[in-house]
Amino acid sequence: MSCRVVVLLSGRGSNFRAIAEAQLPIDIVAVVGNRPQAAGLAYARERGLTAVALDHTEHPDRAAFDALLADEIARHRPDLVVLAGYMRILSPAFIARFEGRLLNIHPSLLPAFPGLKTHERALAEGVKIHGCTVHFVTAELDHGPIVIQAAVPVRADDTAADLAARVLEQEHRIYPQAIRWFAEGRLLNRHGRVNLKDDPASQSVFPHGV
């Protein structure tokens, strides 16, 4: 039986596209966006997937919206919930409902640079290696157990846009890989650390040239 996946997004959904096109052993049972005009929702419809728009601005507060969102997700009976450019902080109650089956991708090598403007901050700090991280979501922002990371070199002439584009290429590579591992039941998430059943060392992926 395929792993049932619900995808959450807010914008263009480039990571969602990478996931949808990766031929994974999953069934994307719904794509939910908090912005009705999100390009990612349009792409889901083009692929014949269930696309649900829930406008967060129509609800009085975060708790009310997250309760509605959680109920919509639960209706599709997912094994996994994937955040693919979902640009809202999730409430503790929402995370508790799906914890252990809630994945996110973050554009830095966590625990470095949690939050926003990661590429600008990496350049400002003068780091030599930057990258991205897939992790399980917990109540602490951008600090859940790490599944896989990929690194890219920071070049002397990089702009934030240059660095973001290079990191995004790696996001599109490692997010489908992490989802495949989850769907195959290979992820061991214990005591805040994630390993693979057959290869504990392979959770970190560093491309050539780093």
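Report follows, based on the coordinates. Note that this is a predicted model, so its numbers are computed, not measured.

Things to note about the overall build of the protein
Step number 1: Broken down by element type, the protein carries 6 helices and 9 strands.
Step number 2: Taking 210 residues into account, the globule formula puts the C-alpha radius of gyration at 17 Å, and the protein, at 17 Å, falls close to it.
Step number 3: Looking at the protein residue by residue over its 210 residues, the buried ones come to 48%.
Step number 4: Long-range pairs, those at least 24 residues apart, make up 60% of the contacts in the protein with a sequence separation of at least 6.
Step number 5: For the protein, the exposed area adds up to about 10300 Å²; of that, 51% sits on carbon and sulfur atoms.
Step number 6: Taking the average place of the 23 positive charges on the side chains of the protein and the average place of its 23 negative ones, the gap between the two points comes to 3 Å.

Observations regarding the sheet that holds strand β6 (residues 129–136)
Step number 1: Taken in spatial order, the 7 strands make up an open sheet running β3-β2-β1-β4-β5-β6-β7, and their pairing is mixed. Looking at which strands have only one partner, the edges of the open sheet turn out to be β3 (51–53) and β7 (146–153). When strand polarity is set aside, the average angle formed by the axes of neighbouring strands in this sheet is 20 degrees.
Step number 2: Both strand β4 (residues 80–83) and strand β5 (residues 102–106) contribute to a ladder of 3 bridges, which runs parallel. Of the residues in β5, the one forming a bridge with V81 is L102.
Step number 3: Across the sheet, helix α2 (residues 39–46) is in contact with β1 (3–9), β2 (26–33) and β3; its angle to β3 comes to roughly 150 degrees.

So, the pairing of β5
Two faces belong to every sheet, and in a regular strand the side chains alternate between them.
Step number 1: Burial analysis of β5 places 5 of its 5 residues in the buried class, which makes it a mostly covered element.
Step number 2: Both faces of β5 are covered, namely the face carrying L102, N104 and H106 and the face carrying L103 and I105.
Step number 3: A crossover connection joins β4 to the parallel β5 through helix α4 (residues 92–98); in handedness this β-α-β unit is right-handed.

Describing helix α6 (residues 160–183)
Step number 1: The end-to-end C-alpha separation of α6 is 34 Å, in line with the 34 Å expected for 24 residues at 1.5 Å each.
Step number 2: Looking one or two residues beyond α6, the residue adopting positive phi is G185, at roughly 70 degrees.

Some words on helix α3 (residues 62–75)
Step number 1: For α3, spanning 14 residues, the distance from its first C-alpha to its last is 20 Å, which sits close to the expected 20 Å at 1.5 Å a residue.
Step number 2: Within the span of α3, buried status applies to F65, D66, L69, A70, E72 and I73. In a view along the axis of α3, the buried residues occupy a sector of 160 degrees, so they form one face of it. Relative to its buried face, α3 has exposed residues pointing more than 90 degrees away, namely A63 and R75.

Brief notes about the side chain of H135
Step number 1: Here H135 is to be found in strand β6.
Step number 2: H135 sits in the buried class, given a relative accessible area of 2%.
Step number 3: Beyond its immediate stretch of four places on either side in the chain, H135 contacts L102, L103, N104, H106, L110, D142, G144, P145, I146 and V147.

Digging into the packing of aromatic side chains
Aromatic ring pairs are defined here through the distance separating the ring centres and the angle between the ring planes.
Step number 1: On inspection of all chains with the given rule, the structure shows 3 aromatic pairs.
Step number 2: Ring centres of F136 and F182 lie 6.4 Å apart, and the angle between their planes is 55 degrees; on these two criteria the pair is classed as tilted. Taken together, the residues span a long stretch of sequence, with F136 in strand β6 and F182 in helix α6 at a distance of 46 residues.
Step number 3: On the accessibility criterion, F136 (3% relative accessible area) is buried.

Comments concerning the pattern of salt bridges
For side chains bearing opposite charge, pairing can occur when the charged atoms are close.
Step number 1: Under the criterion given, the structure shown has 5 salt bridges.
Step number 2: For R97, the salt bridge is made with D71, and the minimal N-O distance between the two is 2.8 Å. One end of the pair, R97, is in helix α4; the other, D71, is in helix α3, with 26 residues separating them in the sequence.
Step number 3: Residue classification places D71 among the partly exposed positions, given a relative accessible area of 45%.
Step number 4: Here R75 makes a salt bridge to E72, at a shortest N to O gap of 2.8 Å. Here E72 and R75 lie together in helix α3, a separation of 3 residues that amounts to about one turn.
Step number 5: By sharing partners, the salt bridges in this structure join R180, E184 and R186 into a single network.

Conventions we followed
- Residues numbered from 1 in each chain as written.
- Predicted model: local features only at pLDDT ≥ 70, side-chain atom pairs only at ≥ 80, totals over all residues.
- Heavy atoms only, no water.
- Helix = DSSP H or I, 4+ residues; strand = E, 2+ residues; numbered from the N terminus.
- Rg over C-alpha atoms; globule rule 2.2 N^0.38 Å.
- Buried < 20%, exposed > 50% of the residue type's maximum accessible area, 1.4 Å probe, protein only.
- Contact = heavy atoms within 4.5 Å.
- Areas by Shrake-Rupley, 256 points an atom, 1.4 Å probe, with all protein chains shown as cover.
- Lys, Arg positive; Asp, Glu negative; His and termini not counted.
- Charge placed at Lys NZ, Arg CZ, Asp CG, Glu CD.
- Pairing = 2+ DSSP bridges.
- Axes fitted to C-alpha atoms, helices over the stretch in contact; angles between N-to-C directions.
- Right-handed = clockwise from strand over helix to strand, strands pointing away.
- Expected span 1.5 Å × (residues − 1).
- Arc of directions from axis to C-beta.
- Phe/Tyr/Trp six-rings, centres within 6.5 Å; stacked < 30°, edge-to-face > 60°.
- Salt bridge = Lys/Arg side-chain N within 4 Å of Asp/Glu carboxyl O.

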